[in-house]
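Overview (structure and organization)
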Amino acid sequence: MHERFFSIIGQAKRVMLSTCLAWMLLSHASILVAAPLPQPLKRDVDFAKDVQPIFTEHCIKCHGEKKPKGEFRIDQRASLIAGGDSGEPAIAIGKSAESHLIKLVAEVSKGDVMPPKGKALSEEQIAILRAWIDQGAKWSGGVAGGEDVVPRMQRGDHWSLQPIKRPEVPKVKTPSWVRTPIDAFIAQKLEASGLTPSAEADRATRVRRAYLVLTGLPPSPQQIEAFVKDERPDAWPRLIDQLLANPRYGERWARHWLDVARFAETNGFETNTPRPNAWHYRDYVIAAFNEDKPYDQFVREQIAGDALGEDAGTGFLVGGAYDQVKSPDIGLTLMQRSDEINDMINTTSTAFLGLTVACARCHNHKFDPISQKDYYAFMGIFAGVNHGDRGMRTKLSPEQQAQADALRTELVSLKTQATRIEDIGRGIAANKPGDKPGNEQPAVRTIVIDDETTAAVARVTHLVKTNPPGMNPTGKQRGYREDPGDIDRMPNLSGGRYVWWGYKPSTDYITYHPGAKGQFQIWLSWGSGWGTHAADVQYLLDLDGDLKTRDDQKLLATVDQRYFAGMTDEEKKQPLPSKPLWSGLLNVGAHELNKSSVILLRSGTAQSEAITADVVVLQESVQPQTTANSKLIHPRLREAVNARINEETFAPQKAKFVRFTIHAANSGEPCIDELEIYSTALGTMPSRNVAIGAIPTSSGDYPNTPIHQLKHINDGQVGNSQSWISSTNGTGWVQLELTEPAMIHRIVWGRDRLQQYADRLATQYTIEVSADASKPENWITVSCSQDRVPFGTTMSDLPAYRFAGLSRDQANELRRLTAEVASVQKQIESFATNPAAYIGTFSQPAVVKRLFRGDPLAPREEVDPGALEMFDDDLKLNSKTSEQKRRIALADWITQKDNPLTARVMVNRIWHHHFGTGLVDTPSDFGKMGSKPTHPELLDWLADEFIQSGWSIKHIQKLIVTSATWQQASFPRDEPMKIDASARLLWRFPPQRLEAEAIRDSILSVASTLVDRMGGPGWSAFKNNDNYVRVYTPKDQFAGDDLRRMIYMYKVRMEHDATFGTFDCPDGGQPTAKRTQSTTAIQALALFNSTIVMQQAQAFSARLQSEAGDKSAAQVQLAYMLCFGRAPVQKELDASVSFIGAQGLPAFCRAMLNTNEFLFVQ
Amino acid sequence: MSQALSHEGRRLLNRRSFLASTGTGLSAMALTSLLARQSAMAAGDKPGPIRPVVDPQAPLAARKPHHLPKAKRVVMLFCSGAMSHVDSWDYKPSLIKHDGKPMPGSEKLVTFQGAQGNLTAPLYNFKPRGQSGKYISDLVPNLAELADDICFIHSMTGKSNTHGPGENYMSTGFTLDGFPSIGAWVSYALGSVADNLPAFVAIPDPRGVPQSSTRNWGSAFLPAVFQGTALNAAQPVRNLSRPAAISKDADQATRDFLKLLNDQHLERYPGDTELSARIASYELAAKMQLSVPVVSDLSTESPATLADYGADDPNPTKSGFAKNCILARRLLEQGVRFVQLFNGAYAMGEGVGNWDGHKTLKKQYDIHGPILDKPAAALLRDLKSRGMLEDTLFVWCSEFGRMPTFQAGASGRDHNPSGFTAWMAGAGVKAPFTYGATDEFGYKAVENVATVYDFHATILHLLGLNHEQLSFYHNGIERRLTDVHGHVIKPVLA
C-alpha cells in the first residue's frame, strides 16, 4: 500500500522523537558507539613538544605536503581549521569533543577511524590532542605552518574560469574562404594540422541541412527549388533569416533546451503521475527561442521569472522529478526535500554555468574549486522553492487588453446605475423620472473614525482617561472580532477593540471631529454585551465644536450600551452574552455639519458601572433629511485595502498631475510597487495606462536600494523588486506628472502584485488630481481610503445590493443590473485568471546549514545563501533575505557580463547543435573533468560576440550557419579521415543522425500528416490510465492531435515513446546536455515494423499518388525530393520503379522512411 | 535467412573477432582520444576509471572483463513490493517467543506508514532444510529444499523506505530516477555472446511491470543499445514481427530494397561507420525476428520440464511466471548476458500486484508464495542440472524487507530497509553459506552490515569487473554503478 500524500501535520511530535531512529536508518554503515572519549590532559601542552610528534607518527605520511589524501594537510593550522574534502573543519578551537579530528582518532563512530590502517592513537595521545585544541590550538615552538588564514577556493588557472578575452580574428592563408570570423579561426587550426576545408556543399544539400538543423523538418520541393533558383548574392543569408523567423524554429530549438532542463510532465518515481499543467514552461521556452529573447533575460526568468513578469520561466526550477509518496518518517521526508533541492542546484549549475556544483553535496568538489560550503550557499538560494502548481499571471494581447478596458468601463457604469437605484430604496437618492443612468454624481464623501487607530488620533479627543480596551472575542458571530456581517449588518469595523471608562453620571467622555462641512448621514457604535454598561448614554452633535457652549448641541440619540444597535425590545429579553462585543452601527439620521462640528458622548443618569465608545461613520447625504431612516441600514463602504492590488474608480477627471498621499501604513515606510493611471476609452482609443512615461516626484525615497527607487513607481513592472518606498515611517506622497493632460477614471495600485510581501502597505491614503498643479486649490480628491472598511476587517461576500424600499419595477431593474454586473465581472476575471501552471511555489526558507556528508540529520554550521566563493562576488545575502531576492541575486550574478562561464557555456551549446559536437565536447561540464575546447580562441570570440550582440542566440546561429565552415560538404575524404576522423577540426560538415523528435516530425512532414498547431497541452503516446501508480501502455493508433510535433508529446518521465523513444531520447530523469547516439536493432524494428510508421507509409503513398499521379517514375521523383531533397540518379530511379511495380507504392514508402539518407543530416 | 550478408552484417555476427579489429573499426582519432583519456585517468595512485570501448558497428560485441570472471551471465530474480524476510529466509526464534509483545525501544518508532504494533511471530513455519539445516519457512517450500545451493546475505540495508526509490536503488544503485540499471552497466561493460539477441533482457511479471517500471532496466545516460529489452512469455518484443498486412516475401523484398538504397548511399560516404552500423542493425533486427520467437517458443520443452516449472498450472499467473522462468533459462542458454526476472508488479490495490503486505500479509502471501516458489526453484534446479550454474550467477532480491512487528491496527508488516535478506547461488559464491545477520527480531542489520552498493560490487566482481573502475562519463562525473561507495563482500566468494 502506498501512503500517498500522507500529511505529517499532527504527527510532528512523534516524528521528532523518531529522529534518532531515522538517523540509524540513513546511516546504517556507521552504527553509533557511545565509547567514552579520553578526557583532555589537565596541563598546558606545547605544540612542538607534545602535539607535533603525534602528527608525525600517525598522520603526516598521508596528510603531508605532497598529494595530501582528501586534500587535507595536518602540517598547517589553516588546513586543520578548514578541513579537507569532507567539508568538515578538522578542529573546532576550544571544543575538542566536537572536533572532527578527535572523533576520527577516537573512532567515535565505528568504522570512521584515522589512521585507517596501522596503529591507532593511544588514549594519552588523544588526551594531548584534546588539551591542545581546548587550549586554543596554538602553533608554537618555532614550528612553521601556523598561519591562521583559511585557504579560499581559488579559481587557479583553469581555462574556463578565466575572464573572457576577445581575441583578434586570425589572419589566414586563404582569406577568400572566410565568410564570417568563425571561418578564420577554423581555417587557422586546419592549416596548422595540414588540412584543407571541403568544398561548399551543393545548394540542395545546404537547404535541406538548414531546414533540418534550424527547424527539425525537411524542406518541401518548392522550398528547395526557391533557394536553388535564387541567384541573388545574399540568397543564403535571406534563407537563414527566413528560417530563424519560422515558428518551427522555436519548436526545434526549445527541445534542445528542454533536454538540459530535464523537462518532463510527470512526477517520476513510483507513482509517476501526470503534471497536467507543466506545458506552460514548454510553451515559454518555445516562445523564448522564437522571439530571440536575450539569453541573459532567459536565464533570469528561469530562476526568478516570478519577479520579472514571466511566471512560466520558473518551470525550469521544478522541471525535475518529485517524489509524491510521503511518509511520517522524518528521515525520509528530509531526504526527499534535500534531493529536490539538489536537483535544482544540479540543473541550474550545469545548465547555466557548466559546473557540477551538486558534486559538493557531501564533500568539497574533487576536481573543481567548489567547496561544500558553496553547495549549501546555493541551497540557500533554492531552499524556498517548492514543487507544485502556481497561478500564472497571464499577459494580455493588445486586443484582450482593449476588451478588458471596455468591460471595466462598462462595469463602472453598471455599478453606478445599480447604486443609484439602490439609493432610491435607501431613501438617499431622489426618484426622479428621467434620471438617466450613467449621470454620475460627484464622489460621495465617507468618513470612518475609529477611536483608536493612529490616523484618527487627531479626530478623537478623550476627555477622561481610558481603561485598557475591551477586546472583542475572536469568532464570526455577531459582534465578535471577525464578524463578517451579512446583508443587514456591517462587518465588525471596530478593529476588535472598544474603549471604556468607569461610569460617572452626566459626564462628557469623548468627541469625534469629522472636520467636514455638509450634510452627513451618521452611524454610531459602542462596546456592548455586558449588563454593567450604561443604559442611557447620549450622543450629541456640537455644531461649533466648543463644548462650553451648549446651545448649539443637539441630541443625536440616546443609546442603551448593553445591547447591539437596533435591537428590538423582544430581542432585548434574551440574556446578555457577557462578552465584550461590538454593537454594530446605529443610524442616527442625516445632519448638517460644519468644519468644526464634533460628535460628543455624554453619560446619562441611570445607575451603571461602565461607558464605552467605538467607531463612528459619516457618509455625505444627498437627501435633505434630518431624521434617522430605518431603510438606510448601513453606509456603503468599499473593501479594505490589500497588499496585492487595489482599484479606485471615479467619474472621469481631466488630469495632468496625480498625487497619491499616504497617511498611514500597516508597518514601516510605505511601499508601492506600481501606480497605474488609466485614461478613459475614447472612440477607438482604448483605455491605457497613462502613468507610463510620466515624471515621478515624491516626498522622499528610501535610500540606497536599487530595487526600491522612485522610477519603479511607473516602470510598468510589478513586484517588490521594482517598487518605490517612502523615506518616512508610515507616511509619504508620490506624484506623477503625465506627459499630457488626460481624462482619467481609474487608478490601480498595490504594494506587491506578486504577493510576496504584505508589509509597508498604505492603509490610509488620499488620491488627488489636478489639471494645473501650480494652484493648490485646484487639487480634486478623486478617491481615498475613507470609504473603505478599515484595514484588517473581514467582509462577507454577500450580494452587493439590497432591494429594501424599491418598487417592483425598480427591483426588477436592479435585479437585471446585478446580473449584468456579475456577468461583466466574470468576463473581466476571465482576462485576469491565473491558470495553474507547474512552475513551483515559493516560501521563506528556514536557516540553511551545511550537512555533514550531505546527511539531512547531521546539520553543521549555518551557511548564508550566495554564489561560488572562488568568484569573490559577495551577493550580500543572509538567512533573513527574502526568498525571491535570493534567486534574483543569483540570476543577476549568473548573467553579469564578467561571469566567464555563462556566455561560453551557451555559445558552446549552440555550436554543439549545429555541428553535432561542441567546441567543448562536455557541454555541461566546463570544469577540470570536462574537455578542453578544440578552438579556445573561437569559443571566447563567440562568447564575447554573444554578449556584445545583447545575448542574441539567433545572431550567433546566423554567424555559424552563414560561415563557410558550416556550408562545407560532408563527404568523407581519405587524407583528413586519417588525421581527424571525427572531424573535430571541421574539415567537413560532420554528418549527424537526426534525433528522435526530428525523425518522427520528418516522417509526418513528408507524409503530409503533420498537424502544425502550436502550444498548449500535449498529446499522449500512451493509453489512458488512472491507476494510482501510473502504468504507461503505448498507444497503437495515432490520430488527430497525436500527429502534432513530438515536442508536444506529453513527456512522461522515464518512459519512452515506443517507436521513436528508442532513438536515444532523454527520459527526463537527469539533465541531458548531449544525447547518446546509438544504433540498435530495436530501433530498426521500431522504424521498420511499428504501426505508426506503417500508417505514415500509407499516408505518404497516398500523397505521392495525389501529387505525382499514377506514374511510378513521377512518384519516385517526388519521394526523393521530399525525403532526400534531391532527384534520384538513373540507377535509383530504375530500381525504385521496378520495386514499386513488384511490391507497390506503400512498400516503397516504408523503405524510403527507413533509409539512412532520410535519417541523416549531411 | 537465405540472404547473403553484407560485410557489416558478417562483422556483426562474428563479434568474437571484434576486439581484434577494433583499431580499424573505430575511427582512429576517436579511439586514440578514448585511450588517452583512460590512461590519463589512470595516472593517479588508484586504478583509474575504465570506459569500455564500444564499436558503433557492433556495440553489443563481447568485451573483455577486468579480471578473470567466475560468472559469465546473471539471472536476477527481483521480488517487487518488498518481500518479508522474517516470514521467509531470516529465522528469528525470538519473534515467536515475544509474539504479541512490543518490540523493546520501539514505542516511538515511526516507519513508512506510521506507528507500529507488537512483534509478530513468523506467519509461516520455519524448519531446517537440506544438509546444512538452514531454517527457511514454508512460504517457499521448494526453494527451501535448495538451501544447500544458496548463499544468504541477511544483513542487507537500503537507503529508502519507499518502493520507487527502493527499486531504483536495487536496480540502479541510486534512489533517484535517471541512472542506468545494473543490467545496462553489465551489457555496456561486457557486451554479449548472444549473436542475435539483446544482451540484456527484462522479463516483467505476468501481472504487469514492476513499481519502478522500465527504469529497472533502463539505460538512462548510457547509450540506448544497452537498455534491457522487455519481453516475457506472454508478450513478445515490441515491433518484433512484421506488420500483419505484409507477407513474408514482401517484407523480405522491402528489406532488400532498403539495403540497396542504403548501400548506394554508403558508396558516397565510404568509411562513415554510423551509416554502416545502421545497415548492420537491420540485419541484426532480421535475425532477432527469427531468433526471439525461437527462444520464446516453449513448445520444444519436454512435458516433464513444463510440469517441473508449473507451466501447466491452470492459474494463469502461476503458469505465466513459470513460463517466464523457462524463458529466462532459454535466454541464458543462448548467451544473453543479463536476465532480470520479475516476480510482482506495480501496486494495483492493497497487496494485490506484489509483495507489499501492509494490512493482511498472510492472506496475500498465501497467494504470492506459490506463484514464486515452484517455478523459481525449478529454474535454479534446472540451471544446476544443466551445468549452467557453474558459470551463471543466480541472484534473488527484493527492494527491502519488512518489520518484525505488525503495523498498529493491522495484520501486516510495514517497510523495513534497516535489515533484510538477499541471496545468490551459482558461479563463484559459497554455498551453503550465510553472511551477516539482523538483530534478534530481524529489525536491523547488526552483523557484517551490507549495503546495496556492496551487493552490486560483488555481482560485478563475480563478472570480472571492478566496480570502482567501470565508468561512464556523464555531465561532469565519471559515473559508476556504485557511485562512490561499495566493497566486494569477499566472504561470500567461493
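Rules used in this analysis
- Residues numbered from 1 in each chain as written.
- Chains lettered and ligands numbered in written order.
- Predicted model: local features only at pLDDT ≥ 70, side-chain atom pairs only at ≥ 80, totals over all residues.
- Heavy atoms only, no water.
- Helix = DSSP H or I, 4+ residues; strand = E, 2+ residues; numbered from the N terminus.
- Buried < 20%, exposed > 50% of the residue type's maximum accessible area, 1.4 Å probe, protein only.
- Polar contact = N/O pair within 3.5 Å; in protein donor to acceptor, adjacent residues only side chain to side chain.
- Contact = heavy atoms within 4.5 Å.
- Pairing = 2+ DSSP bridges.
- Axes fitted to C-alpha atoms, helices over the stretch in contact; angles between N-to-C directions.
- Parallel < 35°, antiparallel > 145°, perpendicular 65-115°, else oblique.
- Left-handed = near helix turned anticlockwise from the far one by under 90°.
- pLDDT = per-residue confidence, 0-100.

Looking at the side chain of D311 of chain A
Residue and element names in this part refer to chain A. Mapping D311 onto the fold places it in the loop between α13 (295-304) and α14 (330-353). For D311, a relative accessible area of 4% translates into the label buried. Within the structure, the side chain of D311 is placed 3.0 Å from the side chain of R390, a separation counted as a polar contact. Non-local contacts of D311, meaning those with residues more than four positions away in its chain, are made with G305, D306, R390, G391, M392, R393 and I839.

Observations concerning the sheet that holds strand β4 (residues 460-462) of chain A
Residue and element names in this part refer to chain A. Ordered in space as β4-β7-β14-β10-β11, the 5 strands form an open sheet in which the pairing is antiparallel. Both outer strands of the open sheet, β4 and β11 (553-559), are each paired with one neighbouring strand and no more. Recorded for the sheet is a direction-independent mean angle of 20° between the axes of neighbouring strands. Across 4 bridges, the pairing between strand β7 (residues 508-512) and strand β14 (residues 598-602) is antiparallel. When the bridges of β14 are listed, Y512 appears paired with I599.

Focus: the pairing of strand β13 (residues 586-593) of chain A
All names here are of chain A. Of all 8 residues in β13, 7 are buried, a share of seventy percent or more. In this sheet, β13 lies alongside strand β8 (residues 518-524) in antiparallel orientation, the contact comprising 6 bridges. Each bridged residue has a counterpart across the sheet, and for Q519 the counterpart in β13 is E592.

Some remarks on the packing of helix α26 (residues 1112-1124) of chain A against helix α28 (residues 1145-1152) of chain A
Packed helices, taken two at a time, are described by the angle their axes make and the gap between the axes. Residue and element names in this part refer to chain A. Between α26 and α28, whose axes approach to 11 Å, the crossing angle comes to 25°. One way to sum up the angle between α26 and α28 is to call them roughly parallel. By crossing handedness, the relation of α26 to α28 is classed as right-handed. Judged by residue contacts, Q1115, V1116, A1119, Y1120, C1123 and F1124 of α26 engage L1145, F1148 and M1152 from α28.

Things to note about the confidence of the model for chain B
All names here are of chain B. Per-residue confidence for chain B gives a mean pLDDT of 89; residues scoring 70 or more make up 90%. Across residues 1-5, where pLDDT falls below 50, the model places 7 contacts with residues more than four positions away in sequence or in other chains. Below pLDDT 50 for its whole length, residues 7-45 participates in 63 contacts with residues either more than four positions away or in separate chains. The ipTM assigned to the predicted complex is 0.83, against a pTM of 0.72.

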